[in-house]
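# Remarks on the overall topology
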Amino acid sequence: MMASSYNAKDEDGHITVTGPGGGAVLRSKKPENTAFKQQRLPAWQPILTAGTVLPAFFIIGLLFIPIGIGLFVTSNNIKEFEIDYTGADTSSPCFNCSQNFSWNSTSPCTCTVPFYLEQPYESNVYVYYGLSNFYQNHRRYVKSRDDSQLNGNLKSLREPSKECEPYAYHNNKPIAPCGAIANSMFNDTLELFYNDPNGTSVKILLGTTGIAWWTDKHVKFGNPGGVDSNLSAVFQGTTKPLNWRRPVYELDSDQSNNGFVNEDFIVWMRTAALPTFRKLYRIIGKSSQMVPTLPRGNYTLEVVYNYPVRSFEGRKRMILSTISWMGGKNPFLGIAYITVGSVCFFLGVVLLVIHHKCGNRNNGAEISN
Amino acid sequence: MLRRRLNRLLGGDERRVDSRTIYVGHRSSSPGEPIIKFCDNRIVSSKYTVWNFLPKNLFEQFRRIANFYFLIIFLVQVIVDTPTSPVTSGLPLFFVITVTAIKQGYEDWLRHKADNEVNKYPVTVLEQGERTRKDSEKIKVGDVVEVEEDETFPCDLILLQSSRDDGTCYVTTASLDGESNHKTHYTVSDTEKDLETLNATIECEQPQPDLYKFVGRMHIYKNDQEPVVRSLGPENLLLKGATLKNTQRIYGVALYTGMETKMALNYQGKSQKRSAVEKSINAFLLVYLCILVSKALVCTILKYVWQSRPGQDEPWYNEKTQRDKETNLYLKMFTDFLSFMVLFNFIIPVSMYVTVEMQKFLGSFFITWDKDFFDPEIKEGALVNTSDLNEELGQVEYVFTDKTGTLTQNNMEFIECCIDGFQYKYRDASSELDGFCVADGPVNKVQEKAGRAKEELFLRALCLCHTVQVKEPTEQGPVDGLMDQVDAGVPHPPQEQRGFIASSPDEVALVKGAMRYGFTFLGLESRNMKILNRNNDVEMYELLHVLTFDPVRRRMSVIVRSNSGDTLLFCKGADSSIFPRVRQEEVERIRMHVERNATEGYRTLCVAYKYLSAEEFAQADAGLMEARLALQNREEKLLAVYNQVETDMSLIGATAVEDRLQEEAAETMEALQGAGIKVWVLTGDKMETAKSTCYACRLFQRSTELLELTVRTLEDGGRKREERLHELLLEYHKKAVQDAPPLKGGITRTWSSETQDYGFIIDGATLSMVLNSSSESNSSRYKSLFLQICQNCTSVLCCRMAPLQKAQIVKMVKNSKGNPITLSIGDGANDVSMILEAHVGIGIKGKEGRQAVRNSDYAIPKLKHLKKLLLAHGHLYYVRIAHLVQYFFYKNLCFILPQFLYQFFCGYSQQPLYDAAYLTMYNICFTSMPILAYSLLEQHICIEVLLDNAALYREIAKNGMLRWRPFLYWTLLGVFHGLLFFFGVRYLFSNPALQDNGQVFGNWSYGTIVFTILVFTVTLKLALDTRHWTWINHFVIWGSLLFYVFFSFFWGGIIWPFLKQQRLYFVFANMLSSVSAWLVIILLILLSLLPEILLVVFRKPRGPNSRQMLHLL
């Protein structure tokens, strides 16, 4: 194939022209006696034997099992509550909203989903929304964005990249933010109410910041015209994504969380790895040491139902979760570590037995030599 | 090409004949004749010009299948909307193509420079009686060219005039065939001294590449006389590239010019040999291509199945573009298929070819660098002519070796002679005692035995019947480079520093032998041979004809005329070729001596003579002249005349010359046999001589039962040869094949004493009977019987072989069942055919010129170097490249498998799992260097152990590391790793909130985690396999991992203005800030390496044991 390209023959095979008068030149090149050329570089020659590997097995076993137990316990201590509010069943409170959904409706459909928390949530509680069967990792979808526009580039604002097609222009006006990802931004509004045992329902404060990567919010995403610009003026001449109810500069009243640097928007723009995913929605900060963030009891989830998923058999969830050092609840790591640790330990024992028996025989053979 | 075709069209009939006519000095005898244009004297070794370099080079490069495949992939990426940007495959391809183009361009530039140097070299041409200086490239056929001492000939010349009195000139052809001895060339006799008035034409054959063959004739027109015709042979032809020596100046007429010179014709590339490893690579490639296509097919089909479900093809959040919607469904399917191909194409990486080539190219340096291959005598080390076959050296199953010069030193020493049935042993055989005096004892003893007349006749025959030249002592300075060839002779007071130069060392030994007995050859002077006889008188013999030696006739003769006017023919040659041509009653007395000498391992020659009467001579003379002038079938005609002349001779005696064994020949052969290699000796020598050499080399042991299939055994039964052959073949087959216990372990066989070892001996005549049996049905049957017998014998000796028969045997074994890898080793021109035929050809830089070296793949100074070349270098190269190949396929399988699996989770949308930068860099930067370092430096067993335990060679026999089993193992390992990487991370991502601040990871984080695990696992897997950790390995392995980490930080640390999407912005850093990601990375790396470690541990107990066993034995 490519053989001849590095072929020594090729080089030697060509006419070697000895200049006239250059007769027979004696080529007496004695090879240099260097360690490298003689393939005698000093080398470490590890030989893996049962003797060297056995301790490793035990160490791995002894390390992994505690880590695994720690992980498992941590994961188990994380409190997580999940509620599906898709409204696929007739019994579901959101059934009507999901049935009567239309993009053009001006009055938002609202549904309330009651739920009961059996345990109090002590520390910060993280509110996620989860979608299922939603292919955010579809290639056509993933590439349908213009990072240059999102970074605040004015030129890209006017002329969105081709990748955004068919969500680049609407009525000959550039769409800001362009692309399928932005267009399909999750726009259900979730609100939580705590139903006090004495009958009052208390709205729970949901923090909107700190949900997106810091670097995304401060470097990767930026509003055109800088931090202090008048957003509605900057976005003049562009149009909102088709499915949005509000233009991008009206996402939040807070100037530092508006436009392209709106954290809900940034979170959505980080495409999920798998078709079933969750995204951070709000953070319920711990208010005081004495009271749990979310005490045990009855709650109501109020949903402004804007986001249709039933056309592609999707599901919507709301998740409440506490967080540990390892992130959200996931027993996988703990179980995996315990398994691998035990297997290693077990193998170590088996090997030790085998080694002990064979080793004796080996030693015997060596002595007889 | 075009010009040649045009010439042919225009030139008409005359151009098409087999000969060309040249007018010396362009003096046409009949002015009307058209002057035929020959090509000019420009040497063009360069391939390209400035203008055609780019297109031609690109065309040549893309003609290779691999490059073409990558080009197609690249084009698909450009044309079709594919998941990865064209850069990912375009960049590596561009890199490979550019590097190759630069390298080839540079080489071509060097060639251009060299061409120019030659083409613009000033030469002196005689034109109309004036000497004019011209550029060498302007020489035309027919020009008379002047060449001075130490200049090279600018084109092929016919020697017309020499400054030496005797019309000779000396030439070395060192740059042509490496022979640095001086060769004598002769002027055409009877040419006029005055070249200006010389009117002659030369008819000669069309240019052909054989350096040693040339036929032509010269017509010399003298005023008003009949034209004189002279024959021209190779001795009149001065080849371009040779250098004039010891001669002030010569004049010659240009015969072949430019690209038609023999030198230019000779450098047309040999056919390329391909190694077994390469074939394995291609087979694996095919498998991977199938995997690739089936992956793409599966994905395409599943995609359309999935899309047919409602709502999945085009959900509201992900609408297609207008163009997409309008595209034809089948066209879309096809482009989808292509897209999948592109997405998975990394499974067959461009970089593997580059790495394999680099490994071969760089690896071959270790052979040239090896100081163990350096021979202080010839001051040269090993030579690598091709780096393609390095690993083949580790796979050799059959070694075909020449005897003379390979097993033996080709350093002949006269041992004894036999005159008229009496034995004359030279007592002081040890060459330290050189001072042999004429009047000393041995000579007296000589005189006692045979009659003085017979004796002197014999010694004169030795002195006359040869083509030895006397090396003229050069006063100024030491004799350059020739000393080792010349053998400074016996320091004999009157002829101090007398050196002899001959094409065959036997002749030198014989002439020197005669010198010991008082007859010294003084040299040839204008066709007179001078001999100093015992009485210190100079005898003169006119050399009338030399009937040159050839391997078919196996003899040579001279016809001389003594001072007394007698015409004598002296003939010497192999016994088999002399005995039938002499009177039978003389034979018996000498045959005994010859056979005894042969069994002792000496080379024997018989000497015969006859008186030629005047008529006989006249007849022979005429016959010879006629045959020599023939333009066609000259060889056959000459042979006929030779055979006719060399009859009815009388035998005078025989000589015995010892050819010592090469250093460590026996040890080397023993090592080869221990390595499970079958050694076949192919020689042109006599059976007895060869057999004794085989015993001396321990190829045959005392316990070896010899199965002989020679002319002698065939004639034993007194029946027809054919029948006897049939019978013997069946008998031997029964003995060696059917009754032999079936082979179990390779190792046990040679060492166990119970099984009988067989040696097989066959000679040339019988072999041709076996191969060309009269009846077709028998022929193939005999051949298979013969092969089966041979394959069951530990060693085989084939004697009395013609060069072509050697190649025939190699070819037969090469094509036999199982296609064993063959290696031929030899030093002489007669070994070239088998060197070219075998898988690996090895030349020994011996005394018989450089032809074998030139045609070989590897050249070594001595036979003993073969041991290290095979057992150490070959073994290591094989292990290295086999591991390299398997590892490459493995690492790309577990690279691409997660990407394939990801398709099941992204709606078969061809979404790549990894970022484009990772896709591109994986094979180029992150994982290429460690394997390259490994494949250059690995010594899984150190060299000393390999050399000491030849049996280790068997462990890799039959392409052991590249067969389907290991391939399957590596493939399964790759699949296992790929599955583990993907699903491990998949389960981690069942909750993508992996950071301690509750934030989630996206798809690029997913890919980056998988990729990080992949890079680390793959590199650490290699680290586990590395048994020889030099600082380079450490540097490269840990350096690669570090580089990966730094690169990832860097790549994710900046908003790259040239990128459309900042996919990886801070992805890597964020990944590292997550404890879970760390934990999963560590877990998966360990888990994937665990089986490997386990296997090593379980496999290990066998390793040291077998090694101990070997030590024991």
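In the nomenclature of an unreviewed UniProt entry, chain B corresponds to Phospholipid-transporting ATPase from the organism Gasterosteus aculeatus aculeatus. According to the UniProt record, the Cofactor (unreviewed entry) comment for chain B is "Mg(2+)".

Under an unreviewed UniProt entry, the name given to chain A is Cell cycle control protein, and the organism recorded is Gasterosteus aculeatus aculeatus. We quote the UniProt Sequence similarities (unreviewed entry) comment for chain A here in full: "Belongs to the CDC50/LEM3 family."

What follows covers the sheet that holds strand 5 (residues 156–162) of chain B. Residues and elements named next belong to chain B. What the 6 strands build is an open sheet, ordered 3-2-4-13-5-11; its pairing is antiparallel. Both edges of this open sheet fall to strand 3 (130–135) and strand 11 (237–238), since each of them pairs with a single strand only. Strand direction decides the pairing type here: strand 5 and strand 13 (residues 249–256), joined by 6 bridges, are antiparallel. When the bridges of strand 13 are listed, glutamine 161 appears paired with tyrosine 251.

Attention shifts here to the interface of chain A and chain B. Taken together, the contact pairs 117 residues of chain A with 145 residues of chain B. For the chain A and chain B pair, buried surface summed over both sides reaches about 11700 Å², with 59% attributable to carbon and sulfur atoms. Seen at the junction of chain A and chain B, the total is 2 salt bridges. A salt bridge links glutamate 944 of chain B to arginine 40 of chain A, with the nearest nitrogen and oxygen atoms 2.7 Å apart. Joining chain A to chain B, the criterion identifies 35 residue pairs in polar contact (both at pLDDT 80 or more). Of all the elements, helix 11 (residues 331–368) of chain A adds the most residues to the side of chain A that touches chain B, at 11 residues.

Turning to the pattern of salt bridges, a few remarks are in order. Close approach of charged atoms allows side chains with opposite charge to pair. Residues and elements named next belong to chain B. A full pass over the atoms with the stated rule returns 53 salt bridges over all chains. Notably, a salt bridge pairs lysine 320 with aspartate 313, separated by 3.0 Å at the nearest N-O pair. The exposure class assigned to lysine 320 is buried, which follows from its relative accessible area of 9%. Aspartate 313 gets classed as partly exposed once you look at its relative accessible area, which sits at 23%. Through salt bridges with shared partners, a single network forms among Asp375, Glu377, Glu663, Lys862 and Lys864.

Among the structural elements, asparagine 330 of chain A can be located in the loop between strand 10 (315–321) and helix 11. Engagement of the side chain of asparagine 330 of chain A in a polar contact is seen with the backbone oxygen of tyrosine 987 of chain B, the distance being 3.3 Å. Only 2.9 Å separates the side chain of asparagine 330 of chain A from the backbone oxygen of leucine 988 of chain B, close enough to count as a polar contact. Excluding anything up to four places from it in sequence, asparagine 330 of chain A contacts Ser75 of chain A together with Tyr987, Leu988, Ser990 and Asn991 of chain B.

Criteria and cut-off values
- Residues numbered from 1 in each chain as written.
- Chains lettered and ligands numbered in written order.
- Predicted model: local features only at pLDDT ≥ 70, side-chain atom pairs only at ≥ 80, totals over all residues.
- Heavy atoms only, no water.
- UniProt positions renumbered as here; feature names shortened; annotations may be inferred.
- Pairing = 2+ DSSP bridges.
- Helix = DSSP H or I, 4+ residues; strand = E, 2+ residues; numbered from the N terminus.
- Contact = heavy atoms within 4.5 Å.
- Buried area = accessible area lost by both parts, 1.4 Å probe.
- Salt bridge = Lys/Arg side-chain N within 4 Å of Asp/Glu carboxyl O.
- Polar contact = N/O pair within 3.5 Å; in protein donor to acceptor, adjacent residues only side chain to side chain.
- Buried < 20%, exposed > 50% of the residue type's maximum accessible area, 1.4 Å probe, protein only.

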